[in-house]
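Descriptive analysis of the structure
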Amino acid sequence: MARITASVYTSHVPAIGAALDLGKTGEPYWQPVFKGYEPSRQWMKDNRPDVIFLVYNDHATAFSLEMIPTFAIGCAAEFQPADEGWGPRPVPKVIGHPDLAAHIAQSVIQDDFDLTIVNKMDVDHGLTVPLSLLCGQQSPVDGAWPCPVIPFAVNVVQYPVPSGRRCFNLGRAIRKAIESYDEPLNVHIWGTGGMSHQLQGARAGLINREWDNAWLDQLIHDPEAAAATPHIDYVREAGSEGIELVMWLIARGAMADVAGGPKPTLRHRFYHVPASNTAVGHVILENNV
Ligand code: DHB
Ligand code: FE
């Protein structure tokens, strides 16, 4: 049986990827951001998963605005870093896990969640920046990410977007799917995006530290309450792109306590402003089963 041993939550700011790729992590602006991820990189080394199920959003990169799936599961054997306008990031390709991805698709779709099956897709900063933050920079030539990754893309770009409640319940279904996979894999589930940010319009640059931190408290200690946050609250309080936070609820819904198991252990919590236009939030929770 495969098991979800931990969940990881992190913002996925593109400028963080650029800072890593251009060797700027030691600059005073960036230092505090990367310092917040130092314990996480050590934790990744000590708690290396066999597979990462990585929830992120595509930013009109692989899916143009012509066709936008609400939930899309990457079932390919590999995924190339996307060209988002400045050439692809110099990071390794992402190796998938087609067998586990197909199993999850089968189980979750039979559980009444409509997923789009994706057999070819490039992955943008939403996926590669969290990998760089937690796994460190890897050479695109002879480097590799530490394990296979199943990309799971959520539409938070084009309205209407899925509710936090639906994402949370989808997390439960993903847990059930992973636990019915007949191989003893150690799986991490990651939720990425957020925290408060708005990239356009009159409120561009909006950051709401107080709301972000109250939401983090709920995510950790009372996830049902976090899942009940109405969509409009994210937009009002955390800005138009703050809605990316619903993706964290997929990872949280897959944790053991949501299924009646023991509470997770909080391994790490970090919050920092600013990073580009975004408040950076980061949490690691370990399951105790
Ligand atoms: C920024 C943040 C994002 O999450 C994103 O997807 C794009 C841009 C930003 O801070 O600029
Ligand atoms: Fe984003």
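That block above? That's the structure.
In what follows, the accompanying structure is described. (Residues numbered from 1 in each chain as written. Chains lettered and ligands numbered in written order. Predicted model: local features only at pLDDT ≥ 70, side-chain atom pairs only at ≥ 80, totals over all residues. Heavy atoms only, no water.)

With respect to helix H10 (residues 246–253)
Since the α-helix turns once every 3.6 residues, residues separated by three or four places project in the same direction. Across the eight residues of H10, eight count as buried, placing the element largely inside the fold. Taken residue by residue, H10 has Val246, Met247, Trp248, Leu249, Ile250, Ala251, Arg252 and Gly253 as its buried positions. (Buried < 20%, exposed > 50% of the residue type's maximum accessible area, 1.4 Å probe, protein only. Helix = DSSP H or I, 4+ residues; strand = E, 2+ residues; numbered from the N terminus.)

Structural notes on the packing of aromatic side chains
Under the criterion given, the structure shown has ten aromatic pairs. Measuring from ring centre to ring centre gives 5.7 Å for Trp211 and Tyr234, while their planes differ by 75°; the resulting arrangement is edge-to-face. Of the two residues, Trp211 is situated in helix H7 (residues 209–221) and Tyr234 in helix H9 (residues 231–238); the sequence distance between them amounts to 23 residues. Take Trp211: its relative accessible area is 15%, and that puts it in the buried class. An aromatic cluster is present here, built from Tyr9, Trp211, Trp215, Tyr234 and Trp248 joined pairwise through their rings. (Phe/Tyr/Trp six-rings, centres within 6.5 Å; stacked < 30°, edge-to-face > 60°.)

Quick look at the sheet that holds strand S6 (residues 116–118)
Strand order in the open sheet formed by eight strands is S6-S3-S7-S2-S8-S1-S10-S9, with mixed pairing between adjacent strands. Where the open sheet ends on each side, the last strands, each with one partner, are S6 and strand S9 (265–275). Averaged over all pairs of adjacent strands, the angle between strand axes in this sheet comes to 20°, irrespective of strand direction. Of the pairings in the sheet, the one linking strand S3 (residues 71–74) to S6 comprises three bridges and is parallel in character. Its bridge partner lying in S6, Ile73 is registered against Ile117. (Pairing = 2+ DSSP bridges. Axes fitted to C-alpha atoms, helices over the stretch in contact; angles between N-to-C directions.)

Remarks on the coordination of the iron ion (ligand 2)
Protein coordination at the iron ion (ligand 2) comes from His12 (NE2), His59 (NE2) and Glu244 (OE), with a distance range of 2.0 to 2.2 Å. Counting residues between consecutive donors of the iron ion (ligand 2) along the chain gives the motif H-x46-H-x184-E. Separated by 185 residues along the polypeptide, His59 in the loop between strand S2 (51–56) and S3 and Glu244 in the loop between H9 and H10 bring together distant segments of the chain. Under the relative-accessibility criterion, His59 is labelled partly exposed at 23%. Of the residues examined, Glu244 reaches a relative accessible area of 4% and is grouped as buried. (Donors = N, O, S within 2.8 Å, 3.2 Å for Na, K, Ca; no water.)

A look at the site of ligand 1
Neighbouring ligand 1 are His12, Val13, Pro14, His59, His125, His197, Leu199, Glu244, Ser276, Asn277 and Thr278. Separating an oxygen atom of ligand 1 from a side-chain N or O atom of His59 is a distance of 2.7 Å. Take His125: an N or O atom from its side chain is 2.9 Å from an oxygen atom of ligand 1. Protein burial of ligand 1: of its 290 Å² of free accessible surface, 89% is covered by the chains. Residues that form the shell around ligand 1 fall into these classes: three nonpolar, seven polar and one charged. (Near = heavy atom within 4 Å. Polar contact = N/O pair within 3.5 Å; in protein donor to acceptor, adjacent residues only side chain to side chain. Areas by Shrake-Rupley, 256 points an atom, 1.4 Å probe, with all protein chains shown as cover. Nonpolar A, V, L, I, M, F, W, Y, C, P; charged D, E, K, R; others polar.)

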